[in-house]
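What follows is each chain in one-letter form.
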Amino acid sequence: QVQLVESGGGLVQAGGSLRVSCTTSGRTIRNYNMGWFRQAPGKEREFVVVIRWSDGSTYYADSVKGRFTISRDNAKNTVYLQMNNLKPEDTAVYYCAADSQPISRWYHGYGIDYWGKGTLVTVSS
């Protein structure tokens, strides 16, 4: 079994920065694409970013492009999401995910293999 555990969420002022982490445990998932989704209060879950395991290519939602950066440390079994210039609309629970299938599945999120329990990011105005 695979477990994904997020950490690093919290409260930050608009314009500030925050880094959230996702550490995996259980069997090796180094050949899994990994990334983040988020769900704001009263809204549906949405795709944020994914990093492809094979070549490190990254794909971002337009809403975070240029402000968020994903990185992956396979030696530590950890994926990071650096969030800069945060806005109140970034407030959400951020979920780490891992999936063995093509990147296209990330844009709707259905069928993703593994999910973390989420970490709350709150951006105050």
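Please refer to the structure higher up on the page.
Structure report, in brief. (Residues numbered from 1 in each chain as written. Predicted model: local features only at pLDDT ≥ 70, side-chain atom pairs only at ≥ 80, totals over all residues. Heavy atoms only, no water.)

Examining the state of the cysteines
Scanning the entire structure with this criterion turns up one disulfide. Here Cys22 is linked by a disulfide to Cys96, with a sulfur-sulfur distance of 2.0 Å. Residues Cys22 and Cys96 are joined by a disulfide whose S-S torsion is about -80°; by sign, that bridge is left-handed. One end of the pair, Cys22, is in strand S3 (residues 18-26); the other, Cys96, is in strand S9 (residues 92-99), with 74 residues separating them in the sequence. Comparing Cys22 with Cys96, the two get one shared label, buried. (Disulfide = S-S within 2.5 Å. Helix = DSSP H or I, 4+ residues; strand = E, 2+ residues; numbered from the N terminus. Buried < 20%, exposed > 50% of the residue type's maximum accessible area, 1.4 Å probe, protein only.)

A few points about the packing of aromatic side chains
The full count for this structure, using the stated rule, is five aromatic pairs. On the basis of an interplanar angle of 50° and a centroid distance of 4.9 Å, the ring pair of Phe37 and Trp115 is categorised as tilted. Here Phe37 is found in strand S4 (residues 33-39), whereas its partner Trp115 is found in strand S10 (residues 114-115), with 78 residues between them in sequence. The exposure class of Phe37 is buried, given its relative accessible area of 1%. Since its relative accessible area comes to 30%, Trp115 is described here as partly exposed. An aromatic cluster is built from Phe37, Phe47, Trp106, Tyr107 and Trp115, whose rings are joined through pairwise contacts. When the ring centre of Phe37 is taken as reference, the NZ or CZ atom of Arg45 above it lies at 5.5 Å. (Phe/Tyr/Trp six-rings, centres within 6.5 Å; stacked < 30°, edge-to-face > 60°. Lys NZ or Arg CZ within 6 Å of the ring centre and 35° of its normal.)

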